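# Observations on the model geometry
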Amino acid sequence: MVKYMIKRILLAVVTVWAVATITFFLMNMVPGGPFLSEKAISPQATAALEAKYGLDKPLLQRYFTYMSDALHGDFGDSLKQRGRTVMSIITMKFPVSARLGGISVLTALCLGIPLGCMAALKRGKFLDSLISVVSTCGIAVPSFVICTLLMYLFGVHLKWLPTMGLSSWKHYIMPVIALAFYPTAYIMRLMRSSMLDVLEQDYMRTAKAKGVSGFWILFKHALRNAILPVVTYVGPMLAYTVTGSFVVEKIFVIPGLGGEFIGAISGRDYTLIMGTTIFLATLIVVMNVLVDLVYKIVDPRIKLK
Amino acid sequence: MKKRVLTFMLAATMVLGLTACGGNNNNTPADSNASNTNTESNNAANNESSDNATTDNATGETVTTGDKILSVQVGPDPETIDPALNSAVDGGNMLLHSFECLLAVDQDGKLIPGQAESWETSEDGLTWTFHLRDGLKWSDGSDLTANDFVYSWKRVCDPMVAAPYAETVLGMVAGYQDAVAGNLDALQVAAPDDKTFVVTLSNPCSYFGSLAAFATLSPVQQATIDANGDAWATKAETYICNGPFYISEWVPGSHILMSKNTNYWNADAIKLAGIKWNLIEDANAAYSAYQTGEVLMIKDVPTEEIPSLLGNSDFFVDPIIGTYYLSLNLNREPFNDANVRKALSLAIDREYVANTLMQGTYTAAGNFMGPGWIDTDGSQFMDNANGGKPYIDITTHEANVKEAERLLEEAGYANGEGLPSITYSTNDAGYHKVVAEYLQQAWGELGIDLQVEIVEWGSFTPMRRNGDYDSSRNGWVGDYSDPSNMLDLLYSTNGNNDGKFNNAEYDAAMEVSRTTLDAAERSQALHKAEDILMAETGCIPVAYYNDFWLQSEKITGSWHSPYGYWYFMYADIAE
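Quick summary incoming for the structure in this document. (Residues numbered from 1 in each chain as written. Chains lettered and ligands numbered in written order. Predicted model: local features only at pLDDT ≥ 70, side-chain atom pairs only at ≥ 80, totals over all residues. Heavy atoms only, no water.)

Tallying each qualifying case throughout the model produces 26 salt bridges over all chains. Among the salt bridges present, the one from arginine 8 of chain A reaches aspartate 292 of chain A, with a minimum N-O distance of 2.1 Å. Taken together, the residues arginine 8 of chain A in helix 1 (residues 2-29) and aspartate 292 of chain A in helix 13 (residues 270-298) connect sequence positions 284 residues apart. Across the pair, exposure class does not vary: arginine 8 of chain A and aspartate 292 of chain A are buried alike. Here aspartate 143 of chain B and lysine 137 of chain B are joined by a salt bridge, their closest N and O atoms 3.0 Å apart. Each of Lys52 and Arg82 of chain A together with Asp230 of chain B takes part in one network of salt bridges that share partners. (Salt bridge = Lys/Arg side-chain N within 4 Å of Asp/Glu carboxyl O. Helix = DSSP H or I, 4+ residues; strand = E, 2+ residues; numbered from the N terminus. Buried < 20%, exposed > 50% of the residue type's maximum accessible area, 1.4 Å probe, protein only.)

Here it is as structure tokens:
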């Protein structure tokens, strides 16, 4: 187990390094630069800016400087948002996205798992069909459509909910629905199909034959096995959701991290691209390690080697 | 059973852990800087009177009575609001309300006293002397003197600051070249006493007054910059300013709240307690906020809503100084032939483009220099151009097309035969794609095969600047109303001369406009330059820019300027 963990962590470090390296060279291959705008800056000013941020150095040298700084925890200054460090942007915006994303993931789990189980148990009945329809919608309809519909209905038309910001619990309702809709639908489907699978197993019949009550069969024997695919899905999904959604943040005017991913790339803010990419990569890798651990706890038969 | 519980607890803690860490950090500003506590407390102490406004607004609800906070939207997060660094219009709008330069511009576009109550120019036009008002103060209550201007103007030249507009606003000041090379004290700006600021120019500049009112040359406080470095302009506490408002709260990505600056010399004329700049990027989100009344003015109106808004009393269309034009790569065939360029220009039905395709949010352009550019005698530059007639008669499209066909024939490409296939490059925003499709059709009628290439924004600018294109969309919005600001674009060595227009006569006319002290001669030189440009079709003007926005009738006493700025400082909200 310890050996396995060490191996996993080493692998995680290599993964993040590879992501960082590939991103670094790819972004420098894309034409454009951080100091370009529709109005040309004088060559002197551009040269001064490049010197200030070390962009006048050869690419390889920049790569090694960046990596060594990053290892020391220094992710540099944002090239576009002058006066802010990459770290300060992430620490300022991530908590906002994380809170919203966390609530959304919890909502998705609390709704998705029971509804998925219910659909499996009532297979072929009306409830199952209803849940299927809802989950199909959830997967097929993109979040911007949901956002716009919610915004129009509850924000503009009925005026029940505020349309922008996150300053009270009411502000959370629409963005949480928009963010949780897809994962809820997906978890429902996963849960339903794996539950159906499990219910067919021999040990379920044995348990039933032994006279274990319905609730306990479901909770102790079925759910525990059926939840594994959901655990696999939730790890990376959590990483993506807590780092914010570009679309939802734009529409509901939420100062989260999601917009920075896109903004950094279109603005060629090299240091911010690197910072946000490394941050997301690390989060995903950590989530995957945690998922493995959770596997082991849920199903002791799984050997972590 | 225990293990099962553990499973769920673990999953729950994973989520909660992340959620909770969000909760803890959310309300404290990142990076609070111990070294600036002094400034912070000063700022707080001096602005106690405005505290009500801040707390009222922290709830995020609509305006409360008593302390009127005007809620507006002019764009997303500004990249920077450091006056020396800003080059964007949305940042400029915020600077306009938080800073004041030596001079200011009034509702009619005339220069009026700002921090300086009077100013004079020497006879040779080289020495400009500004006399500051009595008792000027920073928003933190400390005194503002002429030395602050000396520091601020030198800072604009500092290569370590790398101000994008340095050359535009200070290039004519004596010692500029040495200053940008690093010797800041070479810049000939001086403060003989606390209330007098003297600038010496290396060559006369008749529009230097406009530059003295340009946001880049706002005074900035050395104390806060020394203490906080570049980060001074990223936090409300360290953002010391001298304008009608100061920043009392700033949540990046959400809003900037400005409160009335009681230390401003003209604070008695300010009726609002504050202005909330909602940093909304998405036009539909802005429109929803406007419809619910959360925001009383929005700049970003969804284009699909425009047809239904035209004619409404709260929908405004107002010109700004700028032109939507097409650049042709003059180094490439067939654009090196003036007749081909002219034919391409005449084939465009500008009225159709501006009024139908662009839904009336642009105005058809028959000249390069549109409304809002001011001639040396104070009249509209456009009224005196080409004897008062537009260079291109936009009302006679059919005749124009006939003429275009004739010109092509003259160039040896009758019915477009023999012309290579042309690529038109543009980024995808606003009406750019629609215009591209129109050009495909309009130039197609001349027998030209036009390929449209959509380029991602970040790559588009360098591609155009490197001359790596056939024809492309281009545009310019002026910084100040002197016509040289836009005519300089076509000067052979200008960094924005994307078409690489290179005409000795044009350059000579621009040279004259830079050095002459005689207003009439200068005006003549500028008009001559435009004459040459239009005769040679150095670029193809298509439409003049307008700002179009929604503004509630509740807002009184505000105005919009041809620079793309909204003046809300003297506004009020009617109940």
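What follows continues from the structure just given.
All names here are of chain B. Strand order in the open sheet formed by four strands is 4-5-7-6, with antiparallel pairing between adjacent strands. One side of each edge strand has no neighbouring strand; the edge strands of this open sheet are strand 4 (116-121) and strand 6 (189-193). Pairs of neighbouring strands in the sheet enclose a mean axial angle of 20°, with direction left out of account. Pairing analysis gives three bridges linking strand 6 to strand 7 (residues 196-200), with the strands arranged antiparallel. Along strand 7, the bridge assignment pairs aspartate 193 with threonine 196. (Pairing = 2+ DSSP bridges. Axes fitted to C-alpha atoms, helices over the stretch in contact; angles between N-to-C directions.)

Looking now at the interface of chain B and chain A. With 74 residues of chain B at the contact, the number on the chain A side is 65 residues. Where chain B packs against chain A, one counts six salt bridges. Note that lysine 93 of chain A and aspartate 77 of chain B form a salt bridge whose closest N and O atoms lie 3.7 Å from each other. Inspection of the chain B/chain A interface yields eight residue pairs in polar contact (both at pLDDT 80 or more). Take the side of chain B that touches chain A: its biggest share by element is 15 residues, from helix 1 (residues 2-25) of chain B. When the residues that make up the side of chain B that touches chain A are grouped by side-chain class, the tally is 34 nonpolar, 24 polar and 16 charged. (Contact = heavy atoms within 4.5 Å. Polar contact = N/O pair within 3.5 Å; in protein donor to acceptor, adjacent residues only side chain to side chain. Nonpolar A, V, L, I, M, F, W, Y, C, P; charged D, E, K, R; others polar.)

Residue and element names in this part refer to chain B. Applying the stated criterion to the full structure yields 36 aromatic pairs over all chains. Aromatic side chains tyrosine 352 and tyrosine 438 sit 5.6 Å apart centroid to centroid with 45° between the ring planes, which places their arrangement in the tilted category. Of this pair, tyrosine 352 sits in helix 13 (residues 350-357) while tyrosine 438 sits in helix 16 (residues 432-444), and the two are 86 residues apart along the sequence. Residue tyrosine 438 is classed as buried on the basis of its relative accessible area, which comes to 8%. A ring pair is formed by tryptophan 559 and tyrosine 567, whose centres lie 4.8 Å apart and whose planes are at 10°; its orientation type is stacked. Note on accessibility: tryptophan 559 and tyrosine 567 belong to one class, buried. (Phe/Tyr/Trp six-rings, centres within 6.5 Å; stacked < 30°, edge-to-face > 60°.)

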